[in-house]
Amino acid sequence: MMPGRLQGVPENPLTLSWHDSAWIPMLNPTNVMDYFSEKSNPFYDRTCNNEVVRMQRLGMDQLNSMTGLEYILLHVQEPILYVIRKQHRHSPSQATPIADYYIIAGIIYQAPDLNSVLNSRLLSTVHHLQSAFDEASSFSRYHPSKGYSWDFKDRKSREREKQAALSKKDTVKEQAGSQFQRHRVHMLLAELSRKFPEPALQPRAVTASADGVESKPEIKTEIKPEVKTEPGAQPRMKPPPEKKPRLN
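For every chain, the first residue of its written sequence is number 1, and the numbers climb from 1 along that sequence. For a predicted model such as this one, the threshold for reporting local features is a pLDDT of at least 70, and the threshold for listing and counting side-chain atom pairs is 80 or more; totals across whole chains, interfaces and linings nevertheless cover every residue. Note: side-chain values were computed over all heavy atoms of the structure, leaving out hydrogens and water.

Draft legend 1. Representation of the overall build of the protein within the structure. Helix and strand definitions here come from DSSP, where helices need a minimum of 4 consecutive H or I residues and strands a minimum of 2 consecutive E residues; each element is numbered from the N-terminal end. For the protein, the helix and strand inventory stands at 5 helices and 8 strands. In sequence order, the secondary structure elements of the protein are arranged as α-α-β-β-β-β-α-β-β-α-α-β-β. Accessibility here uses a 1.4 Å probe with only protein chains present; expressed as a share of the type maximum, an area under 20% marks a residue as buried, one over 50% as exposed, and anything in between as partly exposed. When burial is assessed residue by residue, the protein has 18% of its 248 residues classed as buried. Contact definition: two residues touch when any of their heavy atoms are within 4.5 Å. Nonlocal contacts in the protein, meaning residues at least 24 apart in sequence, comprise 34% of its contacts between residues at least 6 apart. Carbon together with sulfur atoms contributes 56% to the accessible area of the protein, which is approximately 21,500 Å² in total. Using the Shrake-Rupley algorithm and a 1.4 Å probe, accessible areas are obtained, with residue cover drawn only from the displayed protein chains.

Draft legend 2. Up close: the pairing of strand 4 (residues 107–110). Of the two faces of strand 4, only the one carrying I108 and Q110 is buried; I107 and Y109 on the other face are not. Two strands are counted as paired when DSSP detects at least two bridges linking them. Taken together, strand 3 (residues 94–104) and the strand that follows it, strand 4, pair antiparallel across an intervening segment of 2 residues, in which A105 is found at a positive phi of about 55°.

Draft legend 3. Broad picture of the pattern of salt bridges. Between Lys or Arg on one side and Asp or Glu on the other, a salt bridge is scored when a side-chain nitrogen of the former is within 4 Å of a carboxyl oxygen of the latter. The tally for this structure, following the rule as stated, stands at 5 salt bridges. The shortest N-O distance in the salt bridge between R89 and E70 comes to 2.8 Å. Remark: E70 occurs in strand 1 (residues 68–77) and R89 occurs in strand 2 (residues 81–91); sequence separation between them is 19 residues. For E70, a relative accessible area of 0% gives the class buried. Its salt-bridge partner being R85, residue D100 comes within 3.0 Å of it at the nearest N-O pair. Placement of D100 in strand 3 and of R85 in strand 2 is noted, with a sequence separation of 15 residues between them. On the basis of relative accessible area, D100 is assigned to the partly exposed category, the value being 23%.

Draft legend 4. Looking closely at the nonpolar core. One finds Y35, F36, Y71, Y101, I103 and I108 to be the most contacted residues of the largest nonpolar core, which totals 18 residues. Of all the secondary structure elements, the ones that give two or more residues to this core are helix 1 (32–36), strand 1, strand 2 and strand 3. For this core, the element with the most residues is helix 1, which contributes 4 residues. To define a nonpolar core, start from buried Ala, Val, Leu, Ile, Met, Phe, Trp, Tyr and Cys residues and group those joined through side-chain atoms within 4.5 Å.

Right, here's the structure in full:
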């Protein structure tokens, strides 16, 4: 009995893909069917004749003498492409194709049928035609005395505004700053330099010795004598200045 749908597979299997990373490096024409018949592969129907042949440890050539669902290796393009066909065999010389699966770089996909391809192309065409009609109708105008007419001025003005905005944006990016901004920055820098002036650098006196080698002058420091005071005694205070007589 030919199943209508795969078990555990949604109604649209064209959106599915499957792969096993452990098998991908060693895929070849001799083991690709074993790779396709993995239990986790959602495209493989375990009620097929291939599973019966594997359980009975028979050769794959026995499939031609059986009737029912089977998988065959249809096309090989090593090392990247393998095509497997799912078909229903009626006799050794007659089989009806059901679906094709292609393996590209170890990833299995279901090939779309002609109906799916035509539906996709028609939907895409209708979408683009509808978009063209909507855009054309947006430029149509109606006046009671003039009737219908086309007005493309709005579109041209929008395009000009868009181009002007883009050019203005580019010029703003290229310009480092406006005249006002530069003048304001100079004012702030001048004010900061007046508030916090740089310390003046004093010239260093350099003397030349007899042998022509420059030497730094010695810095003399005046040492003030310490005034010793006895413990408990009050420090001496300076007397007030004498008053001089005022001469008239």
